[in-house]
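Fold and contact review
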Amino acid sequence: MTHKQVRTRFAPSPTGPLHMGGVRTALYNYLFAKKNGGDFLLRIEDTDQTRYVEGAEQYIINALNWCGITIDEGVSVGGPFAPYRQSERKELGIYRDYAEQLIRSGNAYYAFDTAEELESMRKRLAEEGNPAPTYNFAVRHSMSNSISLGSEETKSRLNAGTPYVVRLKVEPGQTILLNDMIRGEVSFNSDIVDDKVLLKSDGMPTYHLAHIVDDVLMEITHAIRGEEWLPSAPAHAMIYKFLGWEDRMPRYAHLPLLLKPEGNGKLSKRDGDRLGFPVFPLEWTDPSTGEVSSGYREKGYYPEAFVNMLALLGWNPGTEQELFSMEELVNAFTMEHVHKSGARFDPEKTRWFNEQYLRKKPTNEIAERISKLVASAFELADTDHRLNSSYLEKAVELLRDRVQFEQDMPIVGSYLFKAPTSYEEAVVAKKWKPALLPFFNDLNNRLSHCSPFLREPIDAIIKECASANGIKTGEIMQLLRVLVSGQGGGVDLIGMLELLGNEEVCRRLHNGLKAMPQ
């Protein structure tokens with residue numbers, strides 16, 4: 001198949017919001033396809049209609065679009081192999097044809113077992129000490145299926161409309177080999193493979209049959225999916241063989257799990273709720289309960305930072321580089337550098353990625369985005385000078401290295417937009433002395449006459465005033481900051497003074513000095 005154009009697919013089920021692990025699967029499929037000049041498809045595997053959730057499919061599409069994962073072909077854009085929803089393909093009779101082909105070749109069979117009979121079988125096997133009861137070669141002859149019943153009884157039940165499923169017939173004692181792109185050659189014994197349901201009683205195929213038929217008919221060359229599907233891989237390899245499609249079987253790659261921050265176990269929504277981070281790319285509202293789950297987008301993460309972080313959870317470029325644009329990821333990505341072991345998720349590292357991208361963003365774009373936040377937080381009129389692009393851009397430059405998210409700027413830098421009403425007590429208690437009042441009054445007077453009110457003249461005036469009053473500048477700089485901002489730490493002090501302007505600085509100094517203990 002190496003001569004064919006590379007075609008990968010992401011095939012999620014619309015059973016709820018897309019977990020970040022699913023986004024990573026889509027990303028790796030996309031990167032591999034683009035690295036090899038191929039196409040990336042989106043297929044919706046809605047074979048389990050009982051778990052279908054309204055809005056989930058559109059959520060998946062929106063999430064991929066937000067991440068910049070471009071869909072070349074699929075449910076949202078169409079293509080030559082439409083339809084791309086398995087429920088719609090089922091209506092065309094596509095899957096039943098192949099299920100019946102497997103029955104005719106003796107590699108699948110009808111199973112008429114009721115839910116009660118299946119439960120009784122599981123209970124019996126559990127009582128006999130079987131820790132994982134399954135429907136397989138050891139039990140099929142004692143169940144109600146076309147193998148145990150014979151052809152006449154089977155035909156009678158089919159004619160009577162008795163509900164049935166179609167099961168794969170797995171013979172024991174076989175060795176099944178799979179060449180995995182990440183794990184190399186993996187060997188399975190068929191004794192551990194159950195007779196998987198291929199076609200359900202409602203005529204809907206299960207994943208095991210549907211994804212194989214669709215991958216072949218849609219000419220998929222590489223199937224990159226989560227390692228939770230590795231135990232099912234031998235059954236899938238057998239289906240390809242039984243259908244005569246061994247030469248059309250995509251190359252499989254089973255990705256490692258995303259692990260909890262502690263490293264023990266698969267990352268789940270509960271971990272995010274417990275530790276305060278999202279596990280979904282976008283916010284999700286459950287249509288049945290109204291419960292809202294947070295998303296990276298709504299938490300203020302840039303899509304580029306989210307994608308960059310995900311790419312490095314389970315893959316490394318073989319270099320020290322950590323920041324990658326999507327184009328750089330495409331150029332660097334290889335399956336050889338995807339890890340076999342699980343990747344531990346680090347929420348703080350994720351915030352770090354966002355911080356790095358924040359520092360690279362154009363100042364004017366950030367200023368424009370935070371203008372509404374500033375106006376709302378401080379109840380500023382549209383004509384207020386603090387909403388001017390020049391003022392906001394200077395504020396952004398001062399705050400950029402002190403926050404990890406844009407929306408934190410008005411909070412962390414509130415003193416750039418509003419005069420303080422309190423002053424950091426610890427600094428005042430340690431640094432303030434009534435004997436400093438003459439110095440600050442002198443400084444206030446000098447600053448009021450400073451023109452232009454720019455960094456160099458401001459800095460010079462502070463030093464000259466300190467010298468004239470016999471004071472070292474190191475003794476008063478933090479106090480000056482507290483008097484103007486209310487806080488003992490913050491953005492560059494001289495830059496803050498320059499931004500506020502001499503009238504505002506002098507007003508704040510005056511009010512701050514009145515609040516100091518005498």
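The coordinates are above.
What comes next is a walk through the structure. (Residues numbered from 1 in each chain as written. Predicted model: local features only at pLDDT ≥ 70, side-chain atom pairs only at ≥ 80, totals over all residues. Heavy atoms only, no water.)

1. Thoughts on the overall build of the chain
- Assigned secondary structure in the chain consists of 22 helices and 14 strands.
- Radius of gyration (C-alpha) of the chain: 32 Å, far over the 24 Å computed for a compact globule of 518 residues.
- Along the first, second and third principal axes, the C-alpha set of the chain runs to 110 × 50 × 40 Å.
- Relative to its 518 residues, the chain shows a buried fraction of 50%.
- By sequence separation, contacts in the chain at least 24 residues apart represent 72% of the contacts at least 6 residues apart.
- If you sum the accessible surface of the chain, you get close to 24000 Å²; carbon and sulfur atoms cover 48% of it.
- The averaged location of the 71 negative side-chain charges in the chain is 3 Å from the averaged location of its 60 positive side-chain charges. (Helix = DSSP H or I, 4+ residues; strand = E, 2+ residues; numbered from the N terminus. Rg over C-alpha atoms; globule rule 2.2 N^0.38 Å. Buried < 20%, exposed > 50% of the residue type's maximum accessible area, 1.4 Å probe, protein only. Contact = heavy atoms within 4.5 Å. Areas by Shrake-Rupley, 256 points an atom, 1.4 Å probe, with all protein chains shown as cover. Lys, Arg positive; Asp, Glu negative; His and termini not counted. Charge placed at Lys NZ, Arg CZ, Asp CG, Glu CD.)

2. Regarding the sheet that holds strand S8 (residues 197-199)
- A sheet is described by the order of its strands in space; here three strands give the open sequence S4-S5-S8, paired in antiparallel fashion. The outermost strands of the open sheet, each flanked by one partner alone, are strand S4 (108-111) and S8. When the angles between neighbouring strand axes are averaged without regard to direction, this sheet yields 45 degrees.
- Two strands pair when backbone bridges link them, and strand S5 (residues 165-168) and S8 are joined in this way by two bridges, in the antiparallel orientation. When the bridges of S8 are listed, Arg167 appears paired with Val197. (Pairing = 2+ DSSP bridges. Axes fitted to C-alpha atoms, helices over the stretch in contact; angles between N-to-C directions.)

3. Some details on helix H5 (residues 115-127)
- Taking 1.5 Å as the rise per residue, H5 with 13 residues should run 18 Å; its terminal C-alpha atoms sit 18 Å apart, in good agreement.
- Where H5 is concerned, the buried positions are Leu118, Met121 and Leu125. Buried residues of H5, seen end-on, are gathered within an arc of 60 degrees and therefore sit on one face of the element. In H5, the exposed positions that point more than 90 degrees away from the buried face belong to Ala115, Glu116, Lys123 and Glu127.
- The inward-facing, buried residues of H5 contact S5.
- In the stretch just after H5, Gly129 is the one whose phi turns positive, near 100 degrees. (Expected span 1.5 Å × (residues − 1). Arc of directions from axis to C-beta.)

4. Thoughts on the layout of surface pockets
- Counted as a void, the largest pocket has a volume near 1000 Å³.
- In terms of lining, the largest pocket is formed by 38 residues, of which the most central are Pro12, Ser13, Gly22, Glu228 and Trp229.
- Looking at the lining of the largest pocket, the elements with two or more residues in it are strand S1 (7-10), helix H1 (20-35) and strand S9 (222-226).
- Sort the elements by how many residues they give to the lining of the largest pocket and H1 lands first, with five residues.
- Here the residues of the lining of the largest pocket sort into 16 nonpolar, 11 polar and 11 charged.
- What the second largest pocket holds in volume is close to 330 Å³.
- Lining the second largest pocket are 16 residues, with Leu177, Leu178, Ala237, Glu246 and Met249 positioned closest to its centre.
- Residue composition of the lining of the second largest pocket, by class: 10 nonpolar, three polar and three charged. (1 Å grid on protein atoms, 1.4 Å probe; cavity = no way out; pocket = protein on both sides within 12 Å on 5 of 7 lines; lining within 4 Å. Points joined across faces, edges and corners; volume = space filled by probe spheres on them. Nonpolar A, V, L, I, M, F, W, Y, C, P; charged D, E, K, R; others polar.)

5. Observations concerning unusual backbone geometry
- Put simply, Ala82 and Pro83 share a cis peptide bond, and its omega is 0 degrees.
- Considering the arrangement of structural elements, one finds Pro83 in the loop between strand S3 (73-74) and helix H3 (86-91).
- The amide bond that connects Ser451 to the next residue, Pro452, takes the cis arrangement and shows omega of 0 degrees.
- Residue Glu219 is not a glycine yet carries a positive backbone phi of 60 degrees.
- Its location among the elements puts Glu219 in the loop between helix H8 (207-217) and S9.
- Residue Glu379 is not a glycine yet carries a positive backbone phi of 50 degrees.
- Along the chain, the position of Glu379 falls in the loop between helix H14 (363-378) and helix H15 (389-399).

6. Some points on the packing of helix H18 (residues 437-448) against helix H20 (residues 473-485)
- Contact geometry for H18 and H20: axes closest at 12 Å, N-to-C directions at 65 degrees. Considering how the two elements wind past one another, H18 and H20 form a crossing that is right-handed. Touching Phe439, Phe440 and Leu443 of H18 are Ile476, Leu479, Leu480 and Leu483, all from H20.
- Tallied by class, residues from the contact of H18 with H20 come to seven nonpolar, no polar and no charged. (Left-handed = near helix turned anticlockwise from the far one by under 90°.)

7. Side note on the pattern of salt bridges
- Across all of its chains, the model carries 38 salt bridges by this definition.
- Across the pair Glu171 and Lys169 runs a salt bridge, and its minimum N-O distance is 3.5 Å.
- Since its relative accessible area comes to 23%, Lys169 is described here as partly exposed.
- Three or more residues joined by partner-sharing salt bridges are found here, namely Arg9, Arg43, Glu45, Arg89, Asp214 and Asp215. (Salt bridge = Lys/Arg side-chain N within 4 Å of Asp/Glu carboxyl O.)

8. Notes on the state of the cysteines
- Tallied over the entire structure, the rule returns zero disulfides.
- Cys450 takes part in no disulfide bond, and the closest cysteine sulfur, belonging to Cys506, lies 9.1 Å away.
- Residue classification places Cys450 among the buried positions, given a relative accessible area of 5%. (Disulfide = S-S within 2.5 Å.)

9. Some thoughts on the packing of aromatic side chains
- This structure, assessed with the given rule, holds 19 aromatic pairs.
- Each ring, one from Phe112 and one from Tyr164, has its centre 6.2 Å from the other, and the planes form 65 degrees; the classification is edge-to-face. Of this pair, Phe112 sits in the loop between S4 and H5 while Tyr164 sits in the loop between helix H7 (151-159) and S5; the two residues are 52 residues apart in sequence, bridging distant segments of the chain. When sorted by exposure, Phe112 lands in the same class as Tyr164, which is buried.
- Here the aromatic rings of Phe378 and Phe417 are separated by 5.5 Å at their centres, their planes lie at 25 degrees, and the arrangement is stacked. One end of the pair, Phe378, is in helix H14; the other, Phe417, is in the loop between helix H16 (409-412) and helix H17 (425-431), with 39 residues separating them in the sequence. (Phe/Tyr/Trp six-rings, centres within 6.5 Å; stacked < 30°, edge-to-face > 60°.)

10. Some remarks on the pairing of S9
- Summarising burial for S9: five of the five residues are buried, a large majority.
- As judged from the five bridges shared by S9 and strand S10 (residues 251-255), these two strands associate in the parallel manner. Across the sheet, Gly226 pairs through a bridge with Leu255, a residue of S10.
- Crossover S9 to S10 through helix H9 (residues 233-242) is right-handed. (Right-handed = clockwise from strand over helix to strand, strands pointing away.)

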